[in-house]
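The residues making up each chain are set out below.
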Amino acid sequence: MAVNHCIFPLVFLLLVVGSFGRPLYPLPSKYKYNRGSKQPLQTSRPYNIAHRGSNGEIPEETTPAYMRAIEEGTDFIETDILSSKDGVLICFHDVILDLTTDVAEHKQFANRKRTYEVQGFNVTGFFTVDFTLKELKSLRVKQRYSFRDQQYNGKFSIITFEGFIEIALDAPRVVGIYPEIKNPVFINQHVKWPHGKKFEDIFVETLQKYGYKGSYMSKDWLKQPAFIQSFAPTSLLHISNLTDLPKILLIDDITMPTQDTNQSYWEITSDSYFDYIKDYVVGIGPWKDTVVPVVNNYLQVPTDLVARAHAHNLQVHPYTFRNENQFLHLDFHQDPYAEFDFWINQIGIDGLFTDFTGCLHNFQEFTSYKGGDDRSASKLLHEIAKLVFSYKKV
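One structure accompanies this document, and this report is about it. (Residues numbered from 1 in each chain as written. Predicted model: local features only at pLDDT ≥ 70, side-chain atom pairs only at ≥ 80, totals over all residues. Heavy atoms only, no water.)

## As for the overall build of the chain
Then, number 1: Across its full length, the chain carries 14 helices and 14 strands.
Then, number 2: Intrachain contacts of the chain at a sequence separation of at least 6 include 70% that bridge at least 24 residues. (Helix = DSSP H or I, 4+ residues; strand = E, 2+ residues; numbered from the N terminus. Contact = heavy atoms within 4.5 Å.)

Spelled out as structure tokens, the structure:
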């Protein structure tokens, strides 16, 4: 049996007492920490991006998942933004509620199942856009993957975008946010806001309400860091006219066209397109198997995507890093640290979306240069490993 390098006692997880659904953490307390005296965001190494919170441990996009990620040392908490029927922005990944909530157990909603076209495919289920915020709040979230901890199923509710922002602002140190404009074409088709406003307009207004502004690495940005991400190029272009916050163009599998412009993977990763988008985005967020192709679960020769993006002054934040054996390519021998080392030190990426933010944080802490020697801690660890391996062979 492989040893999991990242399992530590979850001392923060106390017994749940009181009423059903009570969270493990207190709710955000309206910025109890003085924002002026917080430890600043680290910018000296690749960003640790908590993908939907620490969702390897706790159901995704919930208050406890985000607070756990902050406790574990994340730089940014990441979320997907959708909308309720009554136009309230929520943190939820899928356009349907079926996979990660108990909606099917609520008999009063049995007649809400619909079939809509989403990104060119007919999808059937219970859609967020057919439920008011109050109705969505009555649902309880569950773990997406059956092989992950199921003990928190039914204990947490869907949160709003504003609630998510308050979690970051309430942290004892500077923690950035990394929200995604999710399925904007679909949302704009099914939800209407007053005065002809679009999903993207409401999204930016929410960020501005909480003081998020400033270009990448500016004084304002460092106080309240945020990246805006989307698979939809026209959404990012629209948003670039509303805010100077840094934006990331997400890139799907090579077989998937863009959501709104129907452009191919090859077009949006071309040098000419990079020349175009660098005027309104600071980077790309590709699926990691497009950066380093995989055949039969083994890595192939890396593409030149990272090098070309960097040549155009674009950051690269690939997704998604997961610790479970079924997600680790065989080259890494069931060792997530080996995967982090490969992507950070060989491929040279600028940030990582991970479901296990604590594990990535520990790796970066263990391998950070501490001074006093011309060799990094990571090199020393590799040398120690070689010595141990040699000893075992004898």
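## Structural notes on the pattern of salt bridges
Then, number 1: Within the structure shown, the criterion is met by 20 salt bridges.
Then, number 2: Of the charged contacts in the structure, one is a salt bridge between Arg-52 and Asp-80, with a shortest N-O distance of 3.9 Å. Of this pair, Arg-52 sits in the loop between β1 (47-50) and α1 (63-72) while Asp-80 sits in strand β2 (residues 76-83), and the two are 28 residues apart along the sequence. One exposure class covers both Arg-52 and Asp-80, and it is buried.
Then, number 3: Taking the shortest distance from any N to any O, the salt bridge between Arg-68 and Glu-72 comes out at 3.1 Å. (Salt bridge = Lys/Arg side-chain N within 4 Å of Asp/Glu carboxyl O. Buried < 20%, exposed > 50% of the residue type's maximum accessible area, 1.4 Å probe, protein only.)

## Describing the side chain of His-106
Then, number 1: Among the structural elements, His-106 can be located in the loop between β3 (89-91) and β4 (114-118).
Then, number 2: A residue is classified by how much of its surface remains accessible, and His-106, at 14% relative accessible area, is buried.
Then, number 3: Once residues within four sequence positions are removed from consideration, His-106 is found in contact with Ser-138 and Leu-139.

## Quick word on the environment of Gly-283
Then, number 1: On the secondary structure map, Gly-283 appears in strand β10 (residues 283-286).
Then, number 2: Judged by its relative accessible area of 0%, Gly-283 falls in the buried class.
Then, number 3: Between the C-alpha atom of Gly-283 and that of Val-316, which follows or precedes it by 33 residues, the distance is 5.7 Å.
Then, number 4: Those residues within four positions of Gly-283 in sequence are excluded, and the remaining contacts are Lys-247, Ile-248, Leu-249, Leu-314 and Gln-315.

## Section: empty space enclosed by the protein
If you roll a probe as big as a water molecule over the atoms, it shows you where there is empty space left.
Then, number 1: Scanning all chains against the criterion turns up two cavities of 30 Å³ or more.
Then, number 2: Estimates place the volume of the largest cavity at around 70 Å³.
Then, number 3: For the lining of the largest cavity, the per-class residue count stands at six nonpolar, one polar and four charged.
Then, number 4: In this model, the second largest cavity occupies a volume close to 50 Å³.
Then, number 5: Surrounding the second largest cavity, Glu-60, Glu-61, Cys-91, Phe-92, Thr-100, Val-141, Ser-157, Ile-158 and Ile-159 form its lining.
Then, number 6: In the lining of the second largest cavity, the residues fall into five nonpolar, two polar and two charged. (1 Å grid on protein atoms, 1.4 Å probe; cavity = no way out; pocket = protein on both sides within 12 Å on 5 of 7 lines; lining within 4 Å. Points joined across faces, edges and corners; volume = space filled by probe spheres on them. Nonpolar A, V, L, I, M, F, W, Y, C, P; charged D, E, K, R; others polar.)

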